[in-house]
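Reading the structure
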Amino acid sequence: MPFVTLFLIMLLLLPLADMAIAGFQFVSAWESLRAFGQVIQYDAPTDLDNTTTWKSTAIGKADSRYPISNLQIICGDTGATCTSTNALTAPIKYYSYQTSVTLAPMVLSTVLCNPSCTYTLSYSERFQ
């Protein structure tokens, strides 16, 4: 009986726990990205020449466990970053940003961390 118990714990339960923890971390990071998108959805920048203040204020509202990086405001359908020049011809359409998730598996490190345990999640949404 001790051998069967040890077998079940080491080969079945610990890998399942790794997968569950990784899944919870991914879902939590994804929901953090979506929540940040909801915060900035109706708070579009007014001055496209100087969006640094708007970006720093918006990033300050994000979840500290999943820091936001590469926040971009995209104008028109070409995918160009907004400036005062192209905002006259094409309105603000999208915002885009990223966050990263770092996993710490107990057993499945060779499977989940190939080549790295850090994953980058990207999110983009249309301004309404």
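Here goes a summary of the coordinates provided.

Quick notes on the rules
Residues numbered from 1 in each chain as written. Predicted model: local features only at pLDDT ≥ 70, side-chain atom pairs only at ≥ 80, totals over all residues. Heavy atoms only, no water. Pairing = 2+ DSSP bridges. Helix = DSSP H or I, 4+ residues; strand = E, 2+ residues; numbered from the N terminus. 1 Å grid on protein atoms, 1.4 Å probe; cavity = no way out; pocket = protein on both sides within 12 Å on 5 of 7 lines; lining within 4 Å. Points joined across faces, edges and corners; volume = space filled by probe spheres on them. Nonpolar A, V, L, I, M, F, W, Y, C, P; charged D, E, K, R; others polar. Contact = heavy atoms within 4.5 Å. Axes fitted to C-alpha atoms, helices over the stretch in contact; angles between N-to-C directions.

By the bridge criterion, five bridges tie strand β1 (residues 69-75) to strand β3 (residues 92-102) in an arrangement that is antiparallel. Each bridged residue has a counterpart across the sheet, and for Q72 the counterpart in β3 is S96. Pairing geometry for β1 and strand β2 (residues 80-81), over two bridges, is antiparallel. In the sheet register, I74 faces β2, and the bridge partner there is T81. Linking two consecutive strands that pair antiparallel, namely β1 and β2, is a turn of four residues; a positive phi of about 70° is found at G76 within it.

Further remarks concern empty space enclosed by the protein. Counted under the stated rule, the structure contains one cavity of 30 Å³ or more. Considering only enclosed or pocket space, the largest cavity measures out at about 40 Å³ in volume. Tallying contributions element by element places helix α1 (residues 2-41) first for the lining of the largest cavity, with four residues. Of the residues contributing to the lining of the largest cavity, the split by class is six nonpolar, one polar and one charged.

Next up on the list: the sheet that holds strand β4 (residues 118-126). Spatial ordering of the open sheet is given by β2-β1-β3-β4, a layout of four strands whose pairing is antiparallel. Both outer strands of the open sheet, β2 and β4, are each paired with one neighbouring strand and no more. Along the sheet, α1 makes contact with β1, β3 and β4, crossing β3 at roughly 150°.

The next thing to look at is the pairing of β3. One ladder, built from nine bridges, connects β3 with β4; its direction is antiparallel. By the bridge assignment, Y95 is partnered in β4 with E125.

Quick look at unusual backbone geometry now. Here N114 and P115 are connected by a cis peptide whose omega angle stands at 5°. Within the secondary structure layout, P115 lies in the loop between α4 (109-112) and β4. The phi angle at N70 is positive, at roughly 55°, despite the residue not being glycine. Here N70 shows up in strand β1.

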